Amino acid sequence: MQDRLIQIAQEAGAFFRQDELTNVVSKEGHANYVTNIDCKAQAYLEEKLSVLLPGSAFIGEEKENHALTDAPTWIVDPLDGTTNMIHDYRLSAVSIALCRDKKPIIGIIWQPFTRELFYAEAGRGAFLNGHPIHVSQIPFRNALVAVGTAPYYEELEETSMKLAGNFLHKCADIRRSGSAAMDLAYLACGRHDIFFELRLKPWDYAAGSLIVQEAGGKVLMPLADGGMDYDLSTAILAANPLCISEALAIFHRNVS
């Protein structure tokens, strides 16, 4: 199943490079777009993943979805980083999680432009192109912070920028990639040390959160009660173990 799942993710990512961008449509929210490539990749993934695991459910960004249940369910972002794709920024990814009992048990992120494949299974570690990966051991004061700006939600702009500024003053620097999936993948392999965004959908974080946790990192929903709930659209804060406490403190000082 692992080999076939990787193949399916890579085949979906091939649309990023092979298909011409011919249709860009605005969705609800500021600067929120869907393209012909998003739709084609999702249709392909829904077809192939349902064959790979018969009877499984499918939750995808470009469709109306039912609530997550205990049944085996794919949570998919066919093209994370659509604005990057529109601008030929070449930092977009296919993100696939398989959930069971409402928790991810497999996570895969494929970046077709760099040909990097991030993969994790619950309890079995995280890997980049087949090699084990681990979060960094960089302390908070030297941390590189990946910042998500929640651009679709104008009411979060001011708080997002304030929070980013506070991290900038306390840590080494900040980065903004335009893909939450890639930010989480980079955190898992030690390229980033902290990541936050004030509102993400399950398809943005389901695969990446498992990869981070299997790489030894911490992933929190600081605005939600209890633990991780993969049915929520909410804030995500992730970090290596050396940074998570101070990162959470800064988050709570700036976000009510």
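Residues numbered from 1 in each chain as written. Predicted model: local features only at pLDDT ≥ 70, side-chain atom pairs only at ≥ 80, totals over all residues. Heavy atoms only, no water.

> Got a minute to help me understand the side chain of Glu121 in this structure?
Mapped onto the elements, Glu121 comes out in strand β7 (residues 116-121). The class of Glu121 is buried, set by a relative accessible area of 17%. Here Tyr119 takes part through its side chain, which lies 3.0 Å from a polar atom of the side chain of Glu121. Beyond its immediate sequence surroundings of up to four residues, Glu121 is in contact with Gln2, Ile105, Ile106 and Glu214. (Helix = DSSP H or I, 4+ residues; strand = E, 2+ residues; numbered from the N terminus. Buried < 20%, exposed > 50% of the residue type's maximum accessible area, 1.4 Å probe, protein only. Polar contact = N/O pair within 3.5 Å; in protein donor to acceptor, adjacent residues only side chain to side chain. Contact = heavy atoms within 4.5 Å.)

> How should I be thinking about the sheet that holds strand β12 (residues 194-200) in this particular structure?
Two orientations exist for strands paired in a sheet by backbone hydrogen bonds: parallel and antiparallel. Spatially, β11-β10-β12-β14-β13 is the arrangement adopted by the five strands of the open sheet, whose pairing is mixed. Among the strands making up the open sheet, the edge pair consists of β11 (173-175) and β13 (218-220). The average angle at which neighbouring strand axes cross in this sheet is 20°, direction not considered. The pairing of strand β10 (residues 144-147) with β12 spans three bridges and is classified as parallel. Directly across from Val147, in β12, lies its bridge partner Phe196. Contacts from helix α5 (residues 180-188) reach β10, β12 and β14 (234-239), with the element oriented near 155° to β12. (Pairing = 2+ DSSP bridges. Axes fitted to C-alpha atoms, helices over the stretch in contact; angles between N-to-C directions.)

> Would you take a moment to explain the nonpolar core for this structure?
When a protein is soluble and globular, its nonpolar side chains tend to lie buried together. Of all hydrophobic cores here, the largest spans 40 residues; its most connected members are Ile75, Ile109, Phe118, Ile133, Met182, Phe195 and Ile211. Listed by contribution, the elements that provide at least two residues to this core are β5 (93-100), β7, β8 (126-128), α5, β12, α6 (202-214) and β14. Counting residues per element, this core draws most heavily on α5, which supplies eight residues. Ignoring anything within four residues of it in the chain, the contact list for Phe118 reads Gly107, Ile108, Ile109, Phe127, Leu128, Ile133, Met182, Ala185, Tyr186, Cys189, Arg191 and Ile211. Of all hydrophobic cores here, the second largest spans 26 residues; its members include Leu45, Trp74, Ile108 and Tyr119. (Core = buried A, V, L, I, M, F, W, Y, C linked by side-chain atoms within 4.5 Å.)

> Even after reading the chapter, I still don't get the packing of aromatic side chains, so can you show me in this structure?
Pairs of aromatic rings are described using the distance from one ring centre to the other and the angle between the two planes. Within this structure, the stated rule accounts for six aromatic pairs. Aromatic side chains Phe140 and Phe167 sit 6.4 Å apart centroid to centroid with 55° between the ring planes, which places their arrangement in the tilted category. Highlighted residues: Phe140 in the loop between β9 (131-132) and β10 and Phe167 in helix α4 (residues 157-170), separated in sequence by 27 residues. Residue classification places Phe140 among the buried positions, given a relative accessible area of 6%. (Phe/Tyr/Trp six-rings, centres within 6.5 Å; stacked < 30°, edge-to-face > 60°.)

> Before we go on, may I ask you to explain the environment of Phe251 in this structure?
With respect to the helices and strands, the residue Phe251 is situated in helix α7 (residues 244-254). Overall, the relative accessible area of 0% leaves Phe251 in the buried class. Sequence separation of Phe251 and Leu128 is 123 residues, and the distance between their C-alpha atoms is 29 Å. When sequence neighbours within four positions are dropped, the list of residues in contact with Phe251 reads Leu163, Leu198, Pro222, Leu223, Ala235 and Leu237.

> What should I look at first to understand the environment of Ile236 in this one?
Among the structural elements, Ile236 can be located in strand β14. Classification of Ile236 by relative accessible area gives buried; the value is 0%. On a C-alpha basis, the gap between Ile236 and Lys170 in space is 19 Å, while along the polypeptide they are 66 residues apart. Setting aside residues no more than four positions away along its own chain, Ile236 makes contact with Phe195, Phe196, Glu197, Leu200, Tyr205, Val219, Leu220, Met221, Pro222 and Met228.

Everything listed is a geometric property; what it means functionally is a separate question.
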